[in-house]
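Below, each chain spelled out in residue letters.
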Amino acid sequence: MTEPIRVGVLGAKGRMGSEACKAVAAAADLELVAAIGRGDPLDAAADAQVLIDLTNPGAVMDNLRWGLERGISFVVGTSGFTEQRHEQIRAWLAEKPSAGVLIAPNFGIGAVLMMQFAAKAARYFESAEIIEQHHPRKLDAPSGTATHTARLIAQARASAGLGPMPDATKEEVPGARGADLDGVRVHAVRAAGLVAHQEVLFGSLGETLTIRHDSLDRVSFMPGVLLGVRKVLGRPGLTIGLDSFLD
Ligand SMILES: NC(=O)C1=CN([C@@H]2O[C@H](COP(=O)(O)OP(=O)(O)OC[C@H]3O[C@@H](n4cnc5c(N)ncnc54)[C@H](O)[C@@H]3O)[C@@H](O)[C@H]2O)C=CC1
Ligand SMILES: O=C(O)C1=N[C@H](C(=O)O)C[C@H](O)C1
């Protein structure tokens, strides 16, 4: 019988981290060797083969540096990633070529498909806007999922030779037209009762297309978290998005 993969969870007492601890503990091929909360010493996770980071944008880079110095692979769900951060991680990985880092803006399988469908649709519509909706305690806006979706839409438009969107951007009140991410307008809603939701609205002559995904419970993210843990050890280097881990 093969040995279980040794897994540590960073942010273990949070909304996502506590679900991840339960999911790892329940998986026969994984062993939960560390559940680290804010202020706990990271050394308690030194024996892990894979660390799952579900902390916050201010903490995640220090955690990555600490783990990658030790050659530990990572599955990162924490939001707040920029191209600069990706470059920094690639530089750390260059020193530890056998380690892998998966940064997953969204672990929901439906959310991954929503982003893929949006990228596919983007070349056919002159207008595209993103409306993301989250629980009221979310620390960051816009969401990592919206940021990633905007990047995918912008890339698809550029490769199809589409220019800037022709829609009005004038605002009587700053922010009324949302944030501009890579030329795509993003609107962030925060309200009680929500978990994690996103709509991508496309418009063209006389028609619209709306692609919507809803996470109604954080258990929706766990199959993606476990998939990432199982596959990251065989994927050295930096992977962005769960897509390439799906069959
Ligand atoms: N990729 C995905 O599918 C998903 C990603 N997220 C992201 O995951 C992150 C966590 O989300 P939630 O669980 O809702 O937040 P949360 O605030 O409930 O949990 C974060 C936890 O991390 C702890 N923490 C902060 N710094 C730490 C450190 N240095 N070491 C260990 N623990 C530390 C906090 O005390 C807190 O308990 C956010 O960035 C969120 O956007 C959330 C849901 C799904
Ligand atoms: O904070 C959350 O809740 C979520 N964060 C991720 C994001 O920023 O996109 C993923 C999902 O939307 C839930």
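Along each chain, residue indices are assigned from 1 in the same order as the chain's sequence is written. Chains carry letters from A onward and ligands carry numbers from 1 onward, assigned in written order. Local features in this predicted model are restricted to residues of pLDDT 70 or higher, and side-chain atom pairs are both shown and tallied only at a pLDDT of 80 or more, whereas totals for entire chains, interfaces and linings draw on every residue. Heavy atoms throughout the structure, all of them, feed into the side-chain values; hydrogens and water do not.

The protein goes by 4-hydroxy-tetrahydrodipicolinate reductase in an unreviewed UniProt entry, where it is assigned to Paractinoplanes deccanensis. Note on the protein: under the UniProt heading Pathway (unreviewed entry), the record states "Amino-acid biosynthesis; L-lysine biosynthesis via DAP pathway; (S)-tetrahydrodipicolinate from L-aspartate: step 4/4." UniProt positions are given in the numbering used here, feature names are shortened, and annotations may be inferred rather than shown by experiment. Word for word, the UniProt comment on the protein under Function (unreviewed entry) is "Catalyzes the conversion of 4-hydroxy-tetrahydrodipicolinate (HTPA) to tetrahydrodipicolinate."

Peer 1: Please explain the sheet that holds strand β8 (residues 184-190) as it appears in this structure.
Peer 2: One key point about sheets: their strands pair by backbone hydrogen bonds, in either a parallel or an antiparallel sense. Criterion used throughout: strands pair if DSSP finds at least two bridges between them. By definition, any uninterrupted DSSP run of H or I lasting at least four residues is a helix, any uninterrupted run of E lasting at least two residues is a strand, and each is numbered from the N terminus. Strand order across the open sheet formed by 5 strands is β7-β8-β6-β9-β10, with mixed pairing between neighbours. The strands lining the two open edges of the sheet, one partner per strand, are β7 (179-181) and β10 (207-215). In this sheet, neighbouring strand axes are inclined to one another by 25 degrees on average, regardless of whether the strands run parallel or antiparallel. Looking at chain direction, β7 and β8 are connected through 3 bridges and run antiparallel. Looking at the pairing, L181 lines up with V184 of β8. Throughout, a residue-residue contact means that at least one pair of heavy atoms, one from each residue, lies within 4.5 Å. All axes here are fitted lines through C-alpha atoms, helices being fitted over the stretch that makes contact, and every angle between N-to-C directions spans 0 to 180 degrees. The strands touched by helix α4 (residues 109-121) are β9 (196-204) and β10; relative to β10, the strand with the most contacts, the crossing angle is about 160 degrees. Sheet contacts for helix α5 (residues 144-159): β6 (127-134), β7, β8 and β9; angle to β6, the most-contacted strand, approximately 170 degrees.

Peer 1: Sorry if this is basic, but what is going on with the packing of α4 against α5 here?
Peer 2: In a packed pair of helices, the relevant descriptors are the angle between the two axes and the axis-to-axis distance. One way to put it is that α4 packs onto α5 with a least axis distance of 8 Å and a crossing angle of 25 degrees. For the element pair α4 / α5, the angle class is roughly parallel. In the packing of α4 onto α5, the handedness of the crossing is right-handed. Residues M114, M115, A118 and A119 of α4 pack against T145, H148, T149, L152, I153 and A156 of α5. Residues were grouped as follows: Ala, Val, Leu, Ile, Met, Phe, Trp, Tyr, Cys and Pro as nonpolar; Asp, Glu, Lys and Arg as charged; and all remaining residues, including Gly, as polar. Its residues assigned to classes, the contact of α4 with α5 comprises 7 nonpolar, 3 polar and no charged. Roughly parallel covers angles under 35 degrees, roughly antiparallel covers those over 145, roughly perpendicular covers 65 to 115, and oblique covers all other angles. In a left-handed crossing the near helix is turned counterclockwise from the far helix by less than a right angle, and in a right-handed crossing that turn is clockwise.

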